[in-house]
Amino acid sequence: MNLFASGPLRWRRTPMQEDAPLPTRTAPPGRPAVFIAKDGTLIDNLPYNTDPALLQFKPAAAKTLATLAAEGFALLVVTNQSGLARGYFTRTQFARLQAVLEKRLLDAAGVQLLDFLVCPHAPGPGGTPSCLCRKPAPGLLLRAARRHGIDLARSWMVGSSLEDVEAGHRAGCRTVLLTDDGETPSGRTPLRQPDALCGDWTGVAEHILLRSDLTSPP
Ligand SMILES: [Zn+2]
C-alpha cells in the first residue's frame with residue numbers, strides 16, 4: 001500500500017478512520033533516527049542561500065553525525081525551504097545545493113543521510129501554518145517514519161530553533177536545541193521546551209548517546 005498516495009495532508013486521521021479497525025501490527029520495532037535541521041543547525045545560517053560555495057558546516061557536525069551513525073542512528077535532514085514557494089530559488093538550484101551538502105558530508109566523515117525531506121511551502125498570513133509539513137508541524141518527521149520504519153519514540157530532533165523543538169515533540173521524539181546561535185527556550189509551552197540544550201555538536205552527541213543508553217528498549 002502506498003501510504004503517500006494522497007500526499008502529506010493525510011497524516012492526521014479523520015473521524016471515519018478513527019472508527020475503522022486498526023491494522024494488526026506485525027512489523028518489528030523501527031530503528032532510531034536523528035532528525036537534523038539544516039540552516040543554523042547543520043550548516044551556518046545564510047537565509048535563502050543556494051550557492052554551494054557558501055555552504056559551511058557547523059563545527060564538529062560531520063564528525064558527530066558519523067559517531068551517531070556508528071551507534072545505529074539513521075540520519076535525516078528535515079528542513080523548511082519557503083524560498084521555493086516565494087520564488088527565491090528553484091527546485092533545481094536547491095537540489096544542486098543538497099547534492100553538494102550530501103557529498104561533502106560523505107567525503108568529510110563518511111556520513112550518508114538516509115533521507116532529506118523538504119517543506120517547500122510558505123507560511124500563511126501572520127505566520128499561520130498553511131501546510132502540515134512546515135515545522136513546527138511534524139509532517140516531515142511523520143512522513144520519514146512511515147517511509148523508513150523509524151521508531152519515533154527512540155528518535156531525536158536536533159535543531160537551532162524552537163520550531164524544530166516543537167516539530168520533534170509533536171512527532172513523539174526527544175529534542176535537542178543547539179544554542180550556539182543564541183536561541184533559548186521561552187514561555188511555558190511544553191512542546192517548545194527542549195529535552196536538552198547543547199552549545200555545540202560534540203555536546204549533542206554526548207547527550208543523545210547517554211540518554212539513549214538509558215532508554216533503549218529491552
Ligand atoms: Zn509544507
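The structure we're discussing is the one just above.
Values in this document were obtained by computation on a predicted structure and should not be read as measured data.

Colleague: Quick question: what am I supposed to make of the coordination of the zinc ion here?
Modeller: Ideal geometry at a metal centre gives angles of 109.5 degrees when four donors are arranged tetrahedrally and 90 or 180 degrees when six donors are arranged octahedrally. At 2.1 to 2.2 Å from the zinc ion lie its protein donor atoms, namely Cys119 (SG), His121 (ND1), Cys131 (SG) and Cys133 (SG). All donors of the zinc ion come from a single chain, and their spacing in sequence reads C-x1-H-x9-C-x1-C. Looking at His121, the relative accessible area reads 31%, which means it is partly exposed.

Colleague: For this particular structure, what's the right way to read the side chain of His169?
Modeller: Take His169: it is sitting in helix 6 (residues 162–170). Side-chain polar atoms of His169 contact the side chain of Thr175, separated by 3.0 Å. Contacts of His169, omitting those with residues within four sequence positions, involve Thr175, Pro190, Leu191, Gln193, Pro194 and Asp195.

Colleague: Hey, could you run me through helix 2 (residues 61–70) in this one?
Modeller: Because each turn of an α-helix spans 3.6 residues, side chains separated by three or four positions in sequence point in the same direction. Inspection of helix 2 places Ala61, Ala62, Thr64, Leu65 and Leu68 among the buried residues, and these make up the whole buried set. Along the axis of helix 2, the buried residues cluster in a sector spanning 160°; they form a single face. For helix 2, the exposed residues lying more than 90 degrees away from the buried face are Lys63 and Ala70.

Colleague: In this structure, what is going on with unusual backbone geometry? I would like to understand it.
Modeller: Comment: phi is negative for the bulk of residues other than glycine, and the bulk of peptide bonds are trans. Look at the link from Lys135 to Pro136: it is a cis peptide, with omega at 25°. Looking at where Pro136 falls in the secondary structure, it is placed in the loop between strand 3 (115–119) and helix 5 (139–148). Of note in the backbone geometry, Ala60 takes a positive phi value of approximately 70° without being a glycine. By the secondary structure assignment, Ala60 is in the loop between strand 1 (33–36) and helix 2. Taking the relative accessible area as the measure of exposure, Ala60 reaches 31% and is therefore partly exposed.

Colleague: Sorry if this is basic, but what is going on with the packing of aromatic side chains here?
Modeller: Two aromatic rings, taken as a pair, are described by how far apart their centres are and by the angle between their planes. Counted under the stated rule, the structure contains three aromatic pairs. Judged by centre distance (4.7 Å) and plane angle (85°), the ring pair of Tyr48 and Tyr88 falls under edge-to-face. Of this pair, Tyr48 sits in the loop between strand 1 and helix 2 while Tyr88 sits in the loop between helix 3 (82–86) and helix 4 (91–109), and the two are 40 residues apart along the sequence. Ring geometry for Phe89 against Phe94: centres 6.0 Å apart, planes inclined by 20°, an arrangement best described as stacked. Aromatic ring contacts, followed pair by pair, group Phe89, Phe94 and Phe116 into a single cluster.

Colleague: Honestly, helix 6 in this entry has me stumped. Any pointers?
Modeller: For helix 6, a buried count of seven out of nine residues is recorded, marking the element as mostly surrounded by other parts of the structure. For helix 6, the full list of buried residues reads Leu162, Asp164, Val165, Glu166, Ala167, Gly168 and His169. Summarising the contacts, the buried residues of helix 6 are in contact with helix 5, strand 4 (156–159) and strand 5 (174–178). One side-chain oxygen at the N-terminal end of helix 6 lies 3.2 Å from the backbone nitrogen of Glu163; it belongs to Ser161. At the exit of helix 6 stands Gly172, carrying a positive phi of roughly 95°.

Scoring rules and cut-offs
Residues numbered from 1 in each chain as written. Predicted model: local features only at pLDDT ≥ 70, side-chain atom pairs only at ≥ 80, totals over all residues. Heavy atoms only, no water. Donors = N, O, S within 2.8 Å, 3.2 Å for Na, K, Ca; no water. Buried < 20%, exposed > 50% of the residue type's maximum accessible area, 1.4 Å probe, protein only. Helix = DSSP H or I, 4+ residues; strand = E, 2+ residues; numbered from the N terminus. Polar contact = N/O pair within 3.5 Å; in protein donor to acceptor, adjacent residues only side chain to side chain. Contact = heavy atoms within 4.5 Å. Arc of directions from axis to C-beta. Phe/Tyr/Trp six-rings, centres within 6.5 Å; stacked < 30°, edge-to-face > 60°.

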